[in-house]
Amino acid sequence: MTDTAGTETAGAELAGTAVEAAPRRRPALSPSRAGDFKQCPLLYRFRAIDRLPERPSRAQIRGTLVHAVLERLFDVPASGRSAEAARALVGPAWAELCAALPELVGQLFEGAEDPELPVWLESAADLVEAYFRLEDPRRLEPAARELLVETELASGLLLRGYIDRLDVAPTGEMRVVDYKTGAAPREAGEVAALFQMKFYALALLQERGVVPSQLRLLYLADSEHLTYEPDEPELRRFERTLEAIWLAIRTAGETGDFRPNRTRMCDWCSHKALCPAWDGTPPEYPGWPEAAEETVEEAVLDRMD
């Protein structure tokens, strides 16, 4: 649920050092992976099946950092949830992220003394402060933050994703809240944004038997918000849409025929050097991972839907 942006390194090399792909696991559909397949089936294969490493961008990591701060803000007693207190959380959250990913500073900057680093951290703090123009966190007590939803539909499709925040009223109504560090999209972009939110709503309906009463996207870059109220018939139609996407993925998975789709988005793809549309050679197809294969923990950078 963290905003994603184009990455900078092609192929299976990260900062000049060859690294192995992450352990394989049973493929699941998330909003981002569904978007990958619609954009380029080969990109889906590289990310979901081969699990090739990608070098993160500053925009990606800033989104991860902002999300971490907004998650931890609600650990502070309600009376202390001020913009100043939230800004003060940026430094510790960045230190923890760097401890989890020691190579991160070197990937994003020219070392810890790079003068662009404090400017970048200040831009993250500005986005955190912008959150306070959209909500008053002193009046909120979320039921869950960074909530993993993982549920299997009757068709066998496994849905997986992280919800930034789930609010539950005393009367039981649920509200799904997602933070975006970018600006609010235009009308065409709203469709993609609501695709993500309907995905979470369907997962909650499947898991808890309750339709969320409200889906709310908070856009921090321009302090805008998008709110939507789904209903069960709509979510069941959306379920059929996901199953159609999944059928196409499984059909490609049986043969390994994940075809590239050459577009302007290729310029930001980490795997351009391996793409046959750009005279590259993909790694040997490892085959479709089945349910019995190992399950692995989500890495920090996996949580970027």
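It should be noted that the structure appears before, not after, this text.
Residues numbered from 1 in each chain as written. Predicted model: local features only at pLDDT ≥ 70, side-chain atom pairs only at ≥ 80, totals over all residues. Heavy atoms only, no water.

Scanning the chain from N- to C-terminus turns up 9 helices and 7 strands. Expressed as a percentage of its 305 residues, the buried residues of the chain come to 48%. Long-range contacts, defined as pairs at least 24 residues apart, comprise 74% of the intrachain contacts of the chain with a sequence gap of at least 6. (Helix = DSSP H or I, 4+ residues; strand = E, 2+ residues; numbered from the N terminus. Buried < 20%, exposed > 50% of the residue type's maximum accessible area, 1.4 Å probe, protein only. Contact = heavy atoms within 4.5 Å.)

Here the focus is the sheet that holds strand 7 (residues 224-228). Paired through backbone hydrogen bonds, the strands of a sheet run either parallel or antiparallel to each other. The 5 strands lie next to each other as 3-4-5-6-7, forming an open sheet whose pairing is mixed. One side of each edge strand has no neighbouring strand; the edge strands of this open sheet are strand 3 (144-152) and strand 7. Across the sheet, the mean angle from the axis of one strand to that of its neighbour is 35°, orientation sign disregarded. (Pairing = 2+ DSSP bridges. Axes fitted to C-alpha atoms, helices over the stretch in contact; angles between N-to-C directions.)

Below, the discussion takes up the environment of Tyr285. Inspection of the secondary structure assignment puts Tyr285 in the segment after helix 9 (232-255). Between the alpha carbons of Tyr285 and Ile49 there is a distance of 8.7 Å; along the sequence they are 236 residues apart. Sequence-distant contacts of Tyr285, that is, excluding residues within four places in its chain, are made with Arg45, Ile49, Gly253, Thr255, Gly256 and Phe258. There is a polar contact of 2.8 Å between the side chain of Tyr285 and the backbone oxygen of Gly253. (Polar contact = N/O pair within 3.5 Å; in protein donor to acceptor, adjacent residues only side chain to side chain.)

What follows deals with the packing of helix 3 (residues 58-73) against helix 5 (residues 90-100). Direction vectors running N to C along helix 3 and helix 5 enclose 120°, while the axes themselves pass 9 Å from each other. When the axis of helix 3 is compared with that of helix 5, the two are oblique. Crossing handedness for the pair helix 3 and helix 5: right-handed. Within the contact between the two elements, helix 3 uses Ile61, Thr64, Leu65, Ala68, Val69 and Arg72 and helix 5 uses Val90, Pro92, Ala93, Trp94, Glu96 and Leu97. (Parallel < 35°, antiparallel > 145°, perpendicular 65-115°, else oblique. Left-handed = near helix turned anticlockwise from the far one by under 90°.)

Before going further, it helps to examine the packing of helix 3 against helix 7 (residues 116-130). Packing of helix 3 against helix 7 leaves a shortest axis separation of 9 Å and a crossing angle of 50°. Taken together, the axes of helix 3 and helix 7 lie oblique to each other. By crossing handedness, the relation of helix 3 to helix 7 is classed as right-handed. Of the residues in helix 7, those touching helix 3 at Arg58, Ile61, Arg62, Leu65, Val66, Val69 and Leu70 are Glu116, Trp120, Leu121, Ser123, Ala124, Leu127 and Val128. Residues of the contact of helix 3 with helix 7, tallied by class, amount to 10 nonpolar, 1 polar and 3 charged. (Nonpolar A, V, L, I, M, F, W, Y, C, P; charged D, E, K, R; others polar.)

Sheet analysis places strand 6 (residues 214-219) next to strand 7, joined by 5 bridges and oriented antiparallel. Looking at strand 7, one finds that Arg216 is bridged to Thr227. Between strand 6 and strand 7, which pair antiparallel in sequence order, lie 4 residues; one of them, Ser223, sits at a positive phi of approximately 55°.

Along the chain, Pro260 falls in the segment after helix 9. Look at Pro260 and you get partly exposed, because its relative accessible area is 33%. For the pair Pro260 and Gln39, spaced 221 residues apart in the sequence, the C-alpha separation amounts to 9.0 Å. In this structure Pro260 touches Cys40, Leu42, Cys275, Pro276 and Ala277, once residues within four positions along its chain are discounted.

Our focus in this paragraph is the pairing of strand 4 (residues 158-168). For a regular strand, the rule is simple: side chains alternate between the two faces of the sheet. Among the 11 residues of strand 4, 10 are classified as buried, and the element is accordingly described as predominantly covered. Taken together, the 8 bridges between strand 3 and strand 4 define a ladder with antiparallel strand orientation. Each residue of the ladder has a partner; that of Leu147, found in strand 4, is Ile163. Hairpin remark: strand 3 followed by strand 4, antiparallel, with 5 residues in the connecting loop; positive phi at Gly156, about 95°.

Moving on to unusual backbone geometry. A positive phi is found at Arg51, a non-glycine position, where the angle reads about 50°. Looking at Arg51, the relative accessible area reads 9%, which means it is buried. A positive phi angle, near 65°, is found at Asp279, a position not held by glycine. Positionally, Asp279 belongs in the segment after helix 9. Among the residues examined, Asp279 registers a relative accessible area of 76% and is labelled exposed.

To continue, consider the packing of aromatic side chains. Under the counting rule described, the total for this entry stands at 10 aromatic pairs. Note on Phe199 and Tyr200: the rings are 6.0 Å apart at their centroids and 90° apart in plane angle, and the pair reads as edge-to-face. Relative to Trp288, the ring of Trp246 has its centre 5.8 Å away and its plane inclined at 65°; by these criteria the two rings are edge-to-face. Of this pair, Trp246 sits in helix 9 while Trp288 sits in the segment after helix 9, and the two are 42 residues apart along the sequence. With respect to burial, Trp246 and Trp288 carry one shared label: buried. Pairwise contacts between aromatic rings join Phe37, Tyr44, Phe258 and Tyr285 into one cluster. (Phe/Tyr/Trp six-rings, centres within 6.5 Å; stacked < 30°, edge-to-face > 60°.)

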